[in-house]
Amino acid sequence: MSSAFENTIFEDPTLNVIHLLNSIAQENPGAISLASGRPDDQQCDPALIDRGLAQYKQHVAGTEQSLATLLCQYGKTSGIINGILATHLRVDEQIDVSNPENIVVCMGFQEACTLTLLSIFEGGGVLLVPDPVFSGITGIAKLLGIKIIPVPMATFLDPLALRNVVEALEARGEKTKALYVIPDFSNPTADSLSYHGRRAMLALASEKDFFILEDTAYRYFRYEGDAIASMKSIDSSRVFLLGSFAKSIFPGLRMGYVVAPEGAEVSFSSRLCKAKSLITVNTPALCQAVAAGLLIENDYSLKGLNQTRALSYIKKRNHMLECLEREFPPKVGTQGTISWNHPAGGFFINMQLPFAFRYCDMRECAKQFKVIVFPTCLFSLTDEATHQVRLSFSNATASDVTQAIRRFRAYVESRLRPKA
Ligand SMILES: Cc1ncc(COP(=O)(O)O)c(C=O)c1O
């Protein structure tokens, strides 16, 4: 093979995370996995497809539109369910999308963020991301040749510290063009941004003239406390809202959307559509129909659709916390070296270990102790989070979690035992 195909961006570890996860699971079929951020298999019900489609058909029958054209022809690039999504955003988020054509229906968050980055980054500039962070954003930004500045999570969540980062970049002649944030229950650390933090970030974006990419994938999985207003609802002009139905309906649907900033000088929705028309042409109409039908069935509320799911995830979170408390009781002398957060929402518990836990350790743990857990540092572009592990409670049964945490304790003990 020619050397032109060696040492390319395709060798970058960020682009390999999903592959690594899959291959470890395949190599260790007997291992219990707490590594993937999949929603609960129990929520992935094929009956949702029939229900959603039937409801959408009924909806169309009450209009002048032709179901055959809507479902079977090439569709409008921006989507066929924009009005329904706009209603959902008004009902759940008090977001008033003045023109539903500012919504572009996409094949999941992944396409939504790809189109958004393409529409913003022509001509350079930097993208700020928290570190560690979901590789869906950093992987595609790397593939598109966008310069990424990782900001340690604690700095990212602190308005003054974040301002200092933007200003230091400015002083170096680097233009911040956008910032990516998961304000509710981030992946991998389950951190959230306070209301004050959201307002401060929006004010900074206005002052320094950059855009915010707001990822709401876990927003409807809140287990305690009151919801905090979405950033898009506070200031639409600075925010690309990136929606995903992967967790809130099911991932096989590959459904998501972008809501472009309203009131911006540039028509971002038309840029998004131009890029989309050359990448996926339009989002499959059948998938749009299912999502729209399910929204209509739930009075346009995705929050409503997910209420019972959230109750079942609370039980899962609580069970994992109980297992951690049982298997890792505080020990005199080692107190504080092993700890974990108590997430108010989302799919993950992030655990702090007294030793580094990297990809090679993940493999060893899977092979010897039959439990697969995710090194948080695989989602870091720096050396952040080397001592952390992400434990996913979303798609394991209670008995699997009990076993898995017991096995992980055995692994941790083996690492702490003095070597002979
Ligand atoms: C932070 C975050 N955003 C978005 C998604 C969903 O992406 P998609 O809609 O492409 O499946 C995930 C899935 O793991 C995620 O963790």
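Residues numbered from 1 in each chain as written. Predicted model: local features only at pLDDT ≥ 70, side-chain atom pairs only at ≥ 80, totals over all residues. Heavy atoms only, no water.

Draft legend 1. The arrangement of the state of the cysteines in detail. Scanning the entire structure with this criterion turns up zero disulfides. There is no disulfide at Cys113, and the cysteine sulfur nearest it, in Cys106, is 9.3 Å away. Cysteine Cys360 is unpaired, with the sulfur of Cys377 as its nearest cysteine sulfur at 9.0 Å. Taking the relative accessible area as the measure of exposure, Cys360 reaches 52% and is therefore exposed. (Disulfide = S-S within 2.5 Å. Buried < 20%, exposed > 50% of the residue type's maximum accessible area, 1.4 Å probe, protein only.)

Draft legend 2. Just helix H6 (residues 135-143), in detail. When you tally the buried positions in H6, you get seven out of nine residues, the bulk of the element. Of the residues making up H6, those classed as buried are Ser135, Gly136, Ile137, Thr138, Gly139, Ile140 and Ala141. Elements in contact with the buried residues of H6: helix H1 (17-27), helix H5 (108-120), strand E3 (126-131), strand E4 (147-152), strand E5 (176-181) and strand E6 (211-215). Where H6 terminates, the next one or two residues include Gly145, which has phi positive at roughly 75°. (Helix = DSSP H or I, 4+ residues; strand = E, 2+ residues; numbered from the N terminus. Contact = heavy atoms within 4.5 Å.)

Draft legend 3. Structural detail: the domain arrangement of the protein chain. Partitioning the protein chain into structural domains gives domain 1 (3-44 + 307-416) and domain 2 (47-305). Of note, the centres of domain 1 and domain 2, computed from C-alpha atoms alone, are 27 Å apart. Each side of the interface is counted separately: domain 1 has 35 residues, and domain 2 has 34 residues. Counting the surface domain 1 buries against domain 2, the share from its top three residues, Arg309, Phe379 and Leu381, is 23%. There are two salt bridges connecting domain 1 and domain 2. (Domains from an automatic or database assignment. Buried area = accessible area lost by both parts, 1.4 Å probe. Salt bridge = Lys/Arg side-chain N within 4 Å of Asp/Glu carboxyl O.)

Draft legend 4. Structural detail: H5. Between the first and last C-alpha of H5 there are 19 Å, a value that for 13 residues agrees with the 18 Å anticipated at 1.5 Å per step. Residues of H5 that are buried: Gly108, Phe109, Glu111, Ala112, Cys113, Thr114, Leu115, Thr116, Leu117, Ser119 and Ile120. (Expected span 1.5 Å × (residues − 1).)

Draft legend 5. Summary view of the layout of surface pockets. Size it by volume and the largest pocket reaches roughly 1,200 Å³. Along the walls of the largest pocket sit 49 residues, with Ile18, Ser36, Gly37, Arg38 and Lys247 positioned nearest its centre. Of all the elements in the fold, those that place two or more residues in the lining of the largest pocket are H1, strand E1 (32-33), H5, H6 and strand E13 (388-392). In this structure, the lining of the largest pocket is formed jointly by two domains, domain 1 (3-44 + 307-416) and domain 2 (47-305), each of which donates at least three residues. (1 Å grid on protein atoms, 1.4 Å probe; cavity = no way out; pocket = protein on both sides within 12 Å on 5 of 7 lines; lining within 4 Å. Points joined across faces, edges and corners; volume = space filled by probe spheres on them.)

Draft legend 6. Structural detail: the site of the ligand. Not every one of the 14 residues close to the ligand is listed here, only the nearest: Phe109, Asn187, Asp215, Tyr218 and Ser244. Here Ser244 contributes a side-chain N or O atom positioned 2.7 Å from an oxygen atom of the ligand. For the ligand, whose unbound accessible area comes to 400 Å², protein coverage reaches 90%. With three residues, H5 is the largest single contributor of residues to the shell around the ligand. Of the residues in the shell around the ligand, the class split is seven nonpolar, four polar and three charged. (Near = heavy atom within 4 Å. Polar contact = N/O pair within 3.5 Å; in protein donor to acceptor, adjacent residues only side chain to side chain. Areas by Shrake-Rupley, 256 points an atom, 1.4 Å probe, with all protein chains shown as cover. Nonpolar A, V, L, I, M, F, W, Y, C, P; charged D, E, K, R; others polar.)

Draft legend 7. The arrangement of the sheet that holds strand E7 (residues 239-244) in detail. What the seven strands build is an open sheet, ordered E2-E8-E7-E6-E5-E3-E4; its pairing is mixed. Every interior strand has two partners, whereas the edge strands, strand E2 (103-106) and E4, have only one. Neighbour-to-neighbour, the strand axes of this sheet turn through a mean angle of 20°, independent of strand direction. Two strands pair when backbone bridges link them, and E3 and E4 are joined in this way by six bridges, in the parallel orientation. Of the residues in E4, the one forming a bridge with Val126 is Lys147. Strands E5, E6 and E7 of the sheet are contacted by helix H9 (residues 195-208), whose axis makes an angle of about 145° with E6. (Pairing = 2+ DSSP bridges. Axes fitted to C-alpha atoms, helices over the stretch in contact; angles between N-to-C directions.)

Draft legend 8. Representation of the side chain of Asn282 in the model. The topology assignment puts Asn282 in the loop between helix H11 (268-279) and helix H12 (285-297). There is a polar contact of 2.8 Å between the side chain of Asn282 and the backbone nitrogen of Gly75. Residues contacting Asn282, with those up to four places away along its chain left out, are Tyr74, Gly75, Lys76, Thr77 and Lys276.

Draft legend 9. Fine view of unusual backbone geometry. Residue Pro132 is bonded to the preceding Asp131 through a cis peptide linkage, with omega at 5°. Summarising the element assignment, Pro132 is placed in the loop between E3 and H6. Between Asn187 and the following residue, Pro188, the backbone shows a cis peptide bond with an omega angle of 20°. One non-glycine residue, Ala190, lies in the positive phi region at around 65°. By the element assignment, Ala190 lies in the loop between E5 and H9. Of note in this structure, Arg254 is not a glycine but carries a positive phi near 50°. Examined against the element boundaries, Arg254 turns out to sit in the loop between E7 and strand E8 (256-259).

Draft legend 10. Spotlight on the packing of aromatic side chains. All chains considered together, the criterion is met by 22 aromatic pairs. Relative to Phe240, the ring of Phe211 has its centre 5.5 Å away and its plane inclined at 80°; by these criteria the two rings are edge-to-face. In this pair, Phe211 sits in strand E6 while Phe240 sits in strand E7, placing the two residues 29 residues apart along the sequence. With relative accessibility at 12%, the residue Phe211 sits in the buried group. With 6.2 Å between their ring centres and 75° between their planes, Phe355 and Tyr411 make a pair best called edge-to-face. Placement of the pair is Phe355 in the loop between strand E10 (348-352) and helix H15 (359-369) and Tyr411 in helix H16 (residues 398-416), with a sequence separation of 56 residues. Residue class for Phe355 comes out buried when judged on its relative accessible area of 8%. Counting every residue linked through ring pairs, the aromatic cluster contains Phe328, Trp340, Phe355, Phe357, Phe369, Phe408 and Tyr411. Positioned over the ring face of Phe374 is Arg390, at 4.4 Å from the centre of the ring. (Phe/Tyr/Trp six-rings, centres within 6.5 Å; stacked < 30°, edge-to-face > 60°. Lys NZ or Arg CZ within 6 Å of the ring centre and 35° of its normal.)

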